[in-house]
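Examination of the molecular architecture
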Amino acid sequence: MINFFLPGLAFLLLHEMDAVRCREWRIFPGLSLLPERIGSILFMLAHIPLYYWVMLEVAGGRPAFRTGFDYFMLIHLGLHLLFLRHPNNEFKDWMSWLFIGGAGLFGLLDLLIS
């Protein structure tokens, strides 16, 4: 069976790298209220436990996690579309949208073949 989950995860991880470049914390409720430096630090530090949890789940091969993460990648795409006109949104170039859309597309494909 073709695995669309791992390419989706790769696109999402690339998006998170791009999110630092595009200062995504400035869009998040709560983080956007903090000073720039503190918001960026908290945004990056929050990814340590998130990445750890994702890696544990991927290594464990749990089907429920995979399905839930596929849905998350689709919801994540929808949220970026919803916040497209946010004044602090810097995800404007083709590369940012390749990562965001790639994650959503592979999440959808994985759901359809699972």
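Look up: the structure comes first, before these words.
Residues numbered from 1 in each chain as written. Predicted model: local features only at pLDDT ≥ 70, side-chain atom pairs only at ≥ 80, totals over all residues. Heavy atoms only, no water.

1. Observations regarding the environment of N88
Mapped onto the secondary structure, N88 falls in the loop between α3 (63–82) and α4 (94–113). Separated by 60 residues in sequence, N88 and F28 place their C-alpha atoms 9.8 Å apart. Apart from the residues within four sequence positions on either side, N88 is in contact with R26 and I27. Reaching out from N88, the side chain makes a polar contact with the side chain of R26 at a distance of 2.8 Å. (Helix = DSSP H or I, 4+ residues; strand = E, 2+ residues; numbered from the N terminus. Contact = heavy atoms within 4.5 Å. Polar contact = N/O pair within 3.5 Å; in protein donor to acceptor, adjacent residues only side chain to side chain.)

2. Focus: the packing of aromatic side chains
Within a pair of aromatic rings, the relevant descriptors are the distance that separates the centres and the angle that separates the planes. Taken as a whole and judged by the stated rule, the model has nine aromatic pairs. An angle of 70 degrees between the planes, with centres 5.8 Å apart, marks the rings of F5 and F69 as edge-to-face. Of this pair, F5 sits in helix α1 (residues 5–21) while F69 sits in helix α3, placing them 64 residues apart in sequence. Residue F5 is classed as buried on the basis of its relative accessible area, which comes to 4%. Given a relative accessible area of 8%, F69 falls into the buried group. On the basis of an interplanar angle of 50 degrees and a centroid distance of 5.7 Å, the ring pair of W25 and F43 is categorised as tilted. Remark: F43 occurs in helix α2 (residues 36–60) and W25 occurs in the loop between α1 and α2; sequence separation between them is 18 residues. Here W25 falls in the buried class, since its relative accessible area comes to 5%. (Phe/Tyr/Trp six-rings, centres within 6.5 Å; stacked < 30°, edge-to-face > 60°. Buried < 20%, exposed > 50% of the residue type's maximum accessible area, 1.4 Å probe, protein only.)

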